[in-house]
Every structure is written in structure tokens, then in C-alpha cells.
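Report on the structure
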There are 2 protein chains.
Amino acid sequence: MQRKVIVENVYEINSARLMCRLKELAKIGRNKNGGIDRQLATPADIAARKWLIGCWQKDLGLEVKIDPIANLWGKVPNAGNCKKPIVLGSHHDTVPNGGMFDGALGVLMATEVKQTLQENDVELLHPLEVVSFTGEEPNSFSVSTLGTKVLSGRLQIDDLVKIKDRYTGESLQDAISRLGGDIMQVPAARLDSDSIAGFLECHIEQGRHLFDQQESVAAVTCITGIYREIITITGEANHAGTTCLRNRRDALAAASEVCLAVEDIMRCSGMEDIAATIGRIAVQPNTSNIIPGTAVLTLDLRTADSGKRRQALEKLQEGIQKIAARRHIYIERCLNLDQAEMPMDSSIIEAISDAAAANGEKRRLLVSMAGHDAANMARITKAGMLFVQSVDGYSHCPQEYTNEAEIAKAAQVMLDAVLLLDRRLA
Amino acid sequence: MQRKVIVENVYEINSARLMCRLKELAKIGRNKNGGIDRQLATPADIAARKWLIGCWQKDLGLEVKIDPIANLWGKVPNAGNCKKPIVLGSHHDTVPNGGMFDGALGVLMATEVKQTLQENDVELLHPLEVVSFTGEEPNSFSVSTLGTKVLSGRLQIDDLVKIKDRYTGESLQDAISRLGGDIMQVPAARLDSDSIAGFLECHIEQGRHLFDQQESVAAVTCITGIYREIITITGEANHAGTTCLRNRRDALAAASEVCLAVEDIMRCSGMEDIAATIGRIAVQPNTSNIIPGTAVLTLDLRTADSGKRRQALEKLQEGIQKIAARRHIYIERCLNLDQAEMPMDSSIIEAISDAAAANGEKRRLLVSMAGHDAANMARITKAGMLFVQSVDGYSHCPQEYTNEAEIAKAAQVMLDAVLLLDRRLA
């Protein structure tokens, strides 16, 4: 029998206000294609920060703190509650030509939940804080989820001082200083596991599960592991006209077989919940009249099940050995990233599910196949994520879209989950 | 019964002198990898021209003419013979990081043949001229066999004035002017079919036929047709983690199948003498965590048999339609180059074969699967090519190598072929 949950006091979020803020924030960094360019430390990032600080200060009366890695924290000054805070938030940066929901929705939904509770004079046991993290998306400094990597101690000052913008050469230290942070103070920014009661992030699903099922929200059970390797295929560059088939050692033809072997992983039985992609290829000399001599591929393999990952890699290795032997080509594989899957906290999963059920939604559970700040936050506190339906599953592109009704439902579920967590968390 | 040919007067070429000149010229543009960078209009091109002019003037007493497209012509001043000239030569430019034989050997063998005949006071019926053509190799002005395209009228002044260096933006007009030419005078450079009795070019084979058979020389029967198209594959860029297999429209996976279908052309029965290559690929957005949305390939298809080309393209179209339909992907093919095969002149093929036989070599015939200036010259005169063995078939790379004994044999065959042609040509 399903547990019945009653959220006693019903505080209604103001979805019109939330939509209005989403549209306002989306103006910052909007490009001529309708996409949003708001990458880390760009003028649009800085403008978005200014706008957000203004919103939190003026509309919500919050005190805004910029920590050493330039994460923005909105807190009630001198909050009376004696418990550790519950933190809500996400990030405001985007990929190049990104959409208006990824990140921004999580920050502004946190803002809306906080404001609704304030307007209704709800007294919580935990202080409720809002946050917008620095540099969550892949960026020109080649480090994603930057803000939470620092908070959770995954990146230390020694790592940070080495990082430079790959296009401009600007140091990360200078860039963070432009955002109001101070990398030299980073050791003080690290959060210990005692400092926060729980963290909750709302995000568009970035997949089609909710959209295809026409459901609104889901609680995330686990954030996928991400495994990457660089596959270097060395054949022999040679003349495209004069080299017979038997003398060819075509690196691109071999790479083509590797790409198809990677795709085949997803076709194996029991491999539905694994994602395997070659997203990047570089061929040398890459000219029309020369047989490619080398091809370098980047493999991205994701699953929340490390057993399946091992199985997939074994199968791939077998396939690659056959390709190399048959084509007299050398294939080298080099680990590039091995980020373990990160389960979300069960009490937060439950609170989200209970709140969803109380709002007439299914108790839907999903694995997140994308990385998120919540995965880093889970290292230092009870963390959880609420997914909202995204039309056609679009993300990281101007087509990202979630309609107001879905957003309103999700915000209400989040607000109610916060109320449940306020009572349930220590 | 094989025809017996006797070359009455035996004039021996000086292979030591030829090797010495090859090594001297190879110093110009030599890079730290041991390769040669002597692309069109670079300082090394200019230095090589200066060296060559010096050699022709001082060692051979020739008058050197620079025509409007900056081809270098070495002629005997006031030659008494009344017939049209026989022209020998090739080009002195190289691909980036090229070898020391491609082009240079043809120019210096022409020089050696001319000098040997002069030293032996051989009186020919035809004036014998040497030539080094401008910009035969692919270059930053995106035009190969430039010198002979102008001579044969394939490129006109209107085309030439539009061409710019894709890196520096320098106009071809300025570059040619730095080489001593004058694009505005190009109409005068065009040769009519009455002006030359015959053209003969020696070149390394650039394939392995002669090397694998341990033969020295071959007469070229035909220069391959080159057909190129740009294949644009449009799928949908999407998140590498959150997009299930059934929702993927992966442009790189589709491109992989296209690459393998292109390679398969060469495996079809009767398709031994066709070369099909994808040498170039560009994927967008080409980043590790996004499924490729578009892939652009360049197909290079070569054969001396236009029927086989038609057959290959039909088969490819069939394969591509299946790939596009199965993957719900759009594949567009766009013609980029359609250069017909160019048969060499039968009297020159015969002269080379006869000279080879007279020197104890097989009457070997080969198709050239690479393009050459001789293909353009064949539009305005009787043209032919002599191929020399190249170790392992290397070309366009520092490993290019032909040993002195092979070069000596080839030079002797060329000299004897010139003696035969002098008597046989009008």
C-alpha cells in the first residue's frame, strides 16, 4: 500500500512571477540565434550575477554572500533558527548557445520557493538558503561543476592556480577575481559535512522519459558515473590515389568501425541504461587526397551501474583488438575521466516522491544520465534532485522548453518537499 | 613478336651529377623533420627558382624565360632547328613536409638529359626545352597544377584575380608577381596546340606497383580521372548522457557507415583499379559530451575508367540511401570536382616503352592514379609520362626514396625516348 502523505499547510507558489524571472534572466547573454551564451566569467555571466544579487536583495531581502570560488549564496540575515541550513539552488551559467532552463530554472525555482515561504510567514526549523553555483557547465577553463568541486574539496588551491582559459590564456584566478571571488581563500570555502542539513536542486530532465510518458516530475535516485577515454588510432597516411586497398592502413576507416562498436554497446541485451558516445573526432592530416594516418576519438560512457560499465568496456576491448589486428593498425586507449556514480540521499528521494504524490503526481524515479552540482554536494551533505519534464528532451540548445504548467507543478512539489524535509532532516 | 628497337648512338647520362643536383635542391626548404616545405610562393619556392635558374644558365648555358604564371622555361638561345620544341620537365614545389623526389626529380632529370645531349653535341631535329611548372601541388591558394592549368587555358585571368591565400589573404596576383610572373599578361601565356611537338615528364610512381614487382620504369597510359564530392550528414546534436539509442540521430555513427561503404567500393569485383577515399571529416559540435549533429566528409574517387566510376557512384548512392533511411538522417551529396581521365599520347607511350626495352627493361604500362601537370599538357600537345620506382611507394612525405641505380636507369630511358621522339614526332 502506498504511504499517504498530507502536506497540512498549502502555500501556493507564484508561477507567473517565476516565469517572469526566467524570461528576464534569459535576456542576459541571448544571442542572435535565440540561444544563450552565458559561459563562466563572460560579461553575460557577470551581468546575470548582478541581476540575481539584485533580485535576492531587493525582492527577498536576503543577504548575498560571494564565497571564494564566487558561488552566490542568499541568506536571511540573523536567521533565528538553530539548525543547519537547507540549501536550494543550481547554476546560472550556460553552454555556448544554450537554453534558458538548464541551471536558471533551478536557481529561480529555489528563489520562488524561498519567497513564497517568506510571504506566508512560514517558520521553518532550518534556515533556508538559496545558491547559484559558479561554472557548472563545460567552459573554456576546461572544468565543469567548478563551484561545487571546490566546496566538496575535489579541487584544491594547487589545482586551481594552474587553470587557464584555453582561448585567452587568462588565469582562472583572475577570472574568479573578476566575479568577486578569491582563489587564495579557497581553503576557507570548503564545506565540511557538518555545515548543511540538505541540498536540493531542481533541473530539467535533459532526456525524454518524462515527456514521452507525459509525466511532470521525478526524484533522481542516482547521478550517472561518467567514464571517458581518448582512443588514438594510428594507421599510415598515404596517397589517396596511388595506394591499393591491400596497402592501406586507413585510420578513419578503423575509427569508423570503432564508432560503430561503441554504438553497438547500447544494443546489447541488458544495456538499455548505458549511454556510449563518440562525440569528438580529429583526423590527421585531414585533407581530401590523403588517406588518414591518425584518428583520435573521445569515448563518453555513462551508467549508474559500475558492473555494466565493466562489461561494456570488456566488450569494446574485444572489438577494438579485432579491428586493430585485421587492419594492421595500432589502437591506444587512454583513461581521461573516471567519475563514479553518485547515489542521491534516500530521505530526500522520499521527500520528493511524497511531495509529488501529495500533488497528484506519480512517484517517478529516474537516474540522471547527466552530471550535476548535486553529485558534488552529495559528498558533503544529504543531496537530492527534482527533475521536471522538458519538451522533446532538448537541452544545451535554444530549443530547451518546459511550459508554465509543468514548472508550476514542479515548484509546488519542491516547496512541499522542503516542508517535509524541514521536519524530517536533523 | 616484340618489336626490336635499336638506339644507335648511346649517350650516357651522368647519374652522379643528377644525384648531386637532387641533393642540392633538397636543401632548399628542408625542415627539422627531414621533410621539405617548398610550397607555392614561399621563400623556399623563390630560393629553389633562383637555384634552378642559376643551374640552367651557368651549367647548361640556357636562356631562362619566366612566363606570366611564373613557369620557368630553359631554352637554347637562337636554336637553329626549325621544328617545334620537345619539352621535358615537371615542378619544383612540394606539399608541406614533402619528399625530395616528387617534382624535383622530373625537373632535374630533364636538366640532365638536356645537358648530356649538349655535351655529346647531339643535333636534334626539335629544339629541346626544359621546364619547371608553378604550383603543381595542393597549396594555400587552393589550386594545384596552376602553371599548366594556365598554359592549357583551364584557368583564365578572371579566375586567377579572385584567388587568395587562405591563411594570409595575399592575392595570387601579388604572389605570382613576387615569383617574377604577371597575371595580367596571362592571356599571352596560353599555349595553342601548335606550339609544342611533345611533352615528357618523369615522376616517381607514388604507388607500389614497380617496387613490388622490382621493376624500374613504366610508361603511363592514362592519368586518372578525379571525382570529388562533399557529403554532408545532418542528424541531431543531443546530450550524450540523456539521449536513448532510439532517440539518437548520430551524424558520426552515420558517417562511419558511409566511410565503410566508400571503402567497400574497392572490394567489389572488378574494382581493383579504382581508389575511393574519405580523407577529410569535420564533425559538429565535436565535443565529448554531445552526440554529433553534423558530419561533413570529402570523398575522393579515382579511376581511369569512367564506366567504373559510374558503377561505383551508383553503388554508393544505394548504400547511402539505406543508411539515411535507417537512421532518420539527411545525407546531401555535392559535386566538388569532376576531372576526366586523360589518356597519354600513344606515340610517347611507345617511345618510352621502346626506350625501356632497348635498356633491358620490361615494357611496363601503368595508369597514374595521381594527377600531374602532364594531364593539362595533354590538352595542348602530345604528352607522356615516365614513372620511376619509389621504395615502398612513399610520396608526399619525408620517406620518399628512389636509389641512384633506379634513377640512372630512368634517366637513360628518358634520354633514349627523347632520341626516338625526335625522329618520330612531327
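Right, let's walk through the structure included here. (Residues numbered from 1 in each chain as written. Chains lettered and ligands numbered in written order. Predicted model: local features only at pLDDT ≥ 70, side-chain atom pairs only at ≥ 80, totals over all residues. Heavy atoms only, no water.)

1. Some remarks on the environment of A:L52
Residues and elements named next belong to chain A.
- Along the chain, L52 falls in helix α2 (residues 43-59).
- With 22 residues separating them along the chain, L52 and G74 place their C-alpha atoms 9.6 Å apart.
- Residues within four places of L52 in sequence aside, it is in contact with L72, H92, V107, L108 and S132. (Helix = DSSP H or I, 4+ residues; strand = E, 2+ residues; numbered from the N terminus. Contact = heavy atoms within 4.5 Å.)

2. Digging into helix α13 (residues 404-424) of chain A
All names here are of chain A.
- For α13, which comprises 21 residues, the first-to-last C-alpha distance of 30 Å matches the rise-based estimate of 30 Å (1.5 Å per residue) to within 8%.
- Of all 21 residues in α13, 15 are buried; the element is thus mostly enclosed.
- A distance of 3.2 Å separates the backbone nitrogen of A405 from a side-chain oxygen at the start of α13, and that oxygen is part of N403. (Expected span 1.5 Å × (residues − 1). Buried < 20%, exposed > 50% of the residue type's maximum accessible area, 1.4 Å probe, protein only. Polar contact = N/O pair within 3.5 Å; in protein donor to acceptor, adjacent residues only side chain to side chain.)

3. Some details on helix α1 (residues 15-26) of chain B
Residue and element names in this part refer to chain B.
- With 12 residues, α1 should reach 16 Å at 1.5 Å per residue; the first-to-last C-alpha distance of 16 Å fits that figure.
- Taken together, the buried positions of α1 are occupied by S15, R17, L18, M19, R21, L22, L25 and A26.
- Turning to α1, the residues buried within the fold contact α2 (43-59), α3 (104-119) and α13 (404-424).
- One side-chain oxygen at the N-terminal end of α1 lies 3.3 Å from the backbone nitrogen of A16; it belongs to N14.

4. So, the sheet that holds strand β7 (residues 225-234) of chain B
Residue and element names in this part refer to chain B.
- Overall, antiparallel pairing links the 4 strands, which are arranged β9-β11-β7-β12 in an open sheet. Across the chains shown, the open sheet's two edge strands, defined by having one partner strand only, are β9 (274-284) and β12 (330-339). Within this sheet the neighbouring strands show an average axis-to-axis angle of 15°, counted without direction.
- Packed on one face of the sheet, helix α9 (residues 251-265) meets β7, β9, β11 (294-303) and β12 and runs near 170° to β9. (Pairing = 2+ DSSP bridges. Axes fitted to C-alpha atoms, helices over the stretch in contact; angles between N-to-C directions.)

5. Focus on the interface of chain A and chain B
- Chain A puts 53 residues into the contact, and the matching count from chain B is 53 residues.
- Interface of chain A and chain B: buried area, both sides summed, is about 4400 Å²; carbon and sulfur atoms make up 54% of it.
- It is A:T242, A:L245 and A:S288 that lose the most area in chain A upon contact with chain B, and together they represent 13% of the buried surface on that side.
- On inspection of chain A and its partner chain B, the count reaches 4 salt bridges.
- Taking the shortest distance from any N to any O, the salt bridge between A:E263 and B:R327 comes out at 2.7 Å. (Buried area = accessible area lost by both parts, 1.4 Å probe. Salt bridge = Lys/Arg side-chain N within 4 Å of Asp/Glu carboxyl O.)

6. Some thoughts on the pairing of strand β7 (residues 225-234) of chain A
Residue and element names in this part refer to chain A.
- For β7, a buried count of 7 out of 10 residues is recorded, marking the element as mostly surrounded by other parts of the structure.
- Sheet analysis places β7 next to strand β11 (residues 294-303), joined by 10 bridges and oriented antiparallel. Its bridge partner being in β11, R228 is matched across the sheet by D300.
- Pairing analysis gives 9 bridges linking β7 to strand β12 (residues 330-339), with the strands arranged antiparallel. In the strand pairing of β12, I231 is matched with R333.

7. A few points about the packing of α9(B) against helix α10 (residues 306-327) of chain B
All names here are of chain B.
- Put simply, α9 and α10 touch, their axes get as near as 10 Å, and they point 160° apart. Taken together, α9 and α10 sit at an angle that is classed as roughly antiparallel. Every pair of crossing elements has a handedness; the one defined by α9 and α10 is right-handed. Contact with α9, carried on its side by A253, A254, E257, V258, A261, V262 and I265, involves A312, L316, I320, I323, R326 and R327 of α10 and no other residues of that element.
- Residue composition of the contact of α9 with α10, by class: 10 nonpolar, no polar and 3 charged. (Parallel < 35°, antiparallel > 145°, perpendicular 65-115°, else oblique. Left-handed = near helix turned anticlockwise from the far one by under 90°. Nonpolar A, V, L, I, M, F, W, Y, C, P; charged D, E, K, R; others polar.)

8. Considerations on the relation of the copies chain A and chain B
- Superposing chain A onto chain B takes a rotation of 180° combined with a translation of 0.1 Å along the rotation axis, leaving an RMSD of 0.1 Å. On this basis, the relationship between the two copies can be described by a two-fold rotation axis. When each C-alpha of chain A is compared by its distance to the rotation axis, A:S256 comes out closest, at 2.1 Å.
- Counting the interface residues of chain A, we find that 100% of their copies in chain B are interface residues as well, pointing to one common contact surface. (Least-squares fit on C-alpha atoms with pLDDT ≥ 70 in both.)

9. Topic: the sheet that holds β7(A)
Residues and elements named next belong to chain A.
- Here we have 4 strands laid out as an open sheet, ordered β9-β11-β7-β12, and antiparallel in their pairing. Looking along the sheet, the strands with just one partner apiece sit at the ends: β9 (275-284) and β12. The average undirected angle you get between the axes of adjacent strands in this sheet is 15°.

Limitation: the analysis is restricted to geometry and does not speak to function.
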